[in-house]
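As a plain string of letters, each chain reads:
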Amino acid sequence: GSGTWDDPVTFAGAEKAVGPGSKVYIPFLKKYAVMEDQCEECEDGWKSGKWHMDIWMGPDQATQGPELIACENALTRASAQVWVDPPQGL
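In this text, all values refer to a predicted model and were calculated from it rather than measured experimentally. (Residues numbered from 1 in each chain as written. Predicted model: local features only at pLDDT ≥ 70, side-chain atom pairs only at ≥ 80, totals over all residues. Heavy atoms only, no water.)

S.K.: I keep staring at helix α1 (residues 40-47) and nothing clicks. Help me out?
M.R.: Think of an α-helix as turning once every 3.6 residues; residues three or four places apart then point the same way. The set of residues buried in α1 consists of Cys42, Glu43 and Gly45. The arc that holds every buried residue of α1, seen down its axis, measures 160°, which confines them to one face. With respect to the buried face of α1, the exposed residues turned more than 90 degrees away are Glu40, Glu41 and Lys47. In this structure, the buried residues of α1 make contact with β1 (9-13), β3 (31-38) and β4 (54-55). Positive phi shows up at Gly49, right after α1, with a value of about 90°. (Buried < 20%, exposed > 50% of the residue type's maximum accessible area, 1.4 Å probe, protein only. Helix = DSSP H or I, 4+ residues; strand = E, 2+ residues; numbered from the N terminus. Arc of directions from axis to C-beta. Contact = heavy atoms within 4.5 Å.)

If you want it as structure tokens, here you go:
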């Protein structure tokens, strides 16, 4: 996805935190995202009281592995505001 309301990016999270198909808005990225996958680290974080989510950055075939990892690391935040069930037009 491109990150718009109609074409959100994909994220993985804990199903108990936000259900599959749910949209969120990530202000620092200025993008909408939709929950389409779950991840073990996300589930473990939720059990310990921390909401963790992973944004899909693309397969290694589209971007070289080290470049993709560098991009993921540059966007990783220890904490960030995320709006669950956001309105359209942000």
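S.K.: Please explain the state of the cysteines as it appears in this structure.
M.R.: Linking two cysteines covalently through their sulfur atoms gives a disulfide. Inspection of every chain in the model, using the stated rule, returns one disulfide. Between Cys39 and Cys42 runs a disulfide, and the two sulfur atoms are separated by 1.9 Å. Its S-S torsion of about 90° marks the bond between Cys39 and Cys42 as right-handed, since a negative value means left-handed. The thiol of Cys71 is not disulfide-bonded; the next cysteine sulfur, from Cys42, is found 18 Å away. (Disulfide = S-S within 2.5 Å.)

S.K.: Would you explain the nonpolar core in this entry?
M.R.: Soluble globular proteins: nonpolar side chains tend toward being buried together. Ranked by size, the top nonpolar core spans eight residues in total: Val9, Phe11, Val18, Val24, Ile26, Ala33, Met35 and Met53. Within the residue set of this core, elements represented by two or more residues are β1, β2 (23-26) and β3. Aside from chain neighbours lying at most four places away, what touches Val9 is Gly1, Ser2, Gly3, Lys31, Tyr32, Ala33, Val34 and Ile55. (Core = buried A, V, L, I, M, F, W, Y, C linked by side-chain atoms within 4.5 Å.)

S.K.: Explain the packing of aromatic side chains to me, please; I cannot follow it from the model alone.
M.R.: The geometry of an aromatic ring pair is captured by the separation of the ring centres together with the interplanar angle, meaning the angle of the planes. In this structure the tally under the stated criterion is three aromatic pairs. What links up through ring pairs into an aromatic cluster is the set Trp5, Tyr25, Tyr32 and Trp83. Its guanidinium or amino end placed over the ring of Trp5, Lys23 lies 3.6 Å from that ring's centre, counting from NZ or CZ. (Phe/Tyr/Trp six-rings, centres within 6.5 Å; stacked < 30°, edge-to-face > 60°. Lys NZ or Arg CZ within 6 Å of the ring centre and 35° of its normal.)

S.K.: Looking at this model, I keep getting lost on the environment of Lys16. Mind explaining?
M.R.: Looking at where Lys16 falls in the secondary structure, it is placed in the loop between β1 and β2. For Lys16, a relative accessible area of 70% translates into the label exposed. Sequence spacing of Lys16 and Ile69 is 53 residues, and the spatial spacing of their C-alpha atoms is 27 Å.

S.K.: What should I look at first to understand the pairing of β3 in this one?
M.R.: Remember that side chains alternate between the two faces of the sheet whenever the strand is regular. Across five bridges, the pairing between β1 and β3 is parallel. Among the inter-strand pairings, Ala12 is bridged to a residue of β3, identified as Asp37. (Pairing = 2+ DSSP bridges.)

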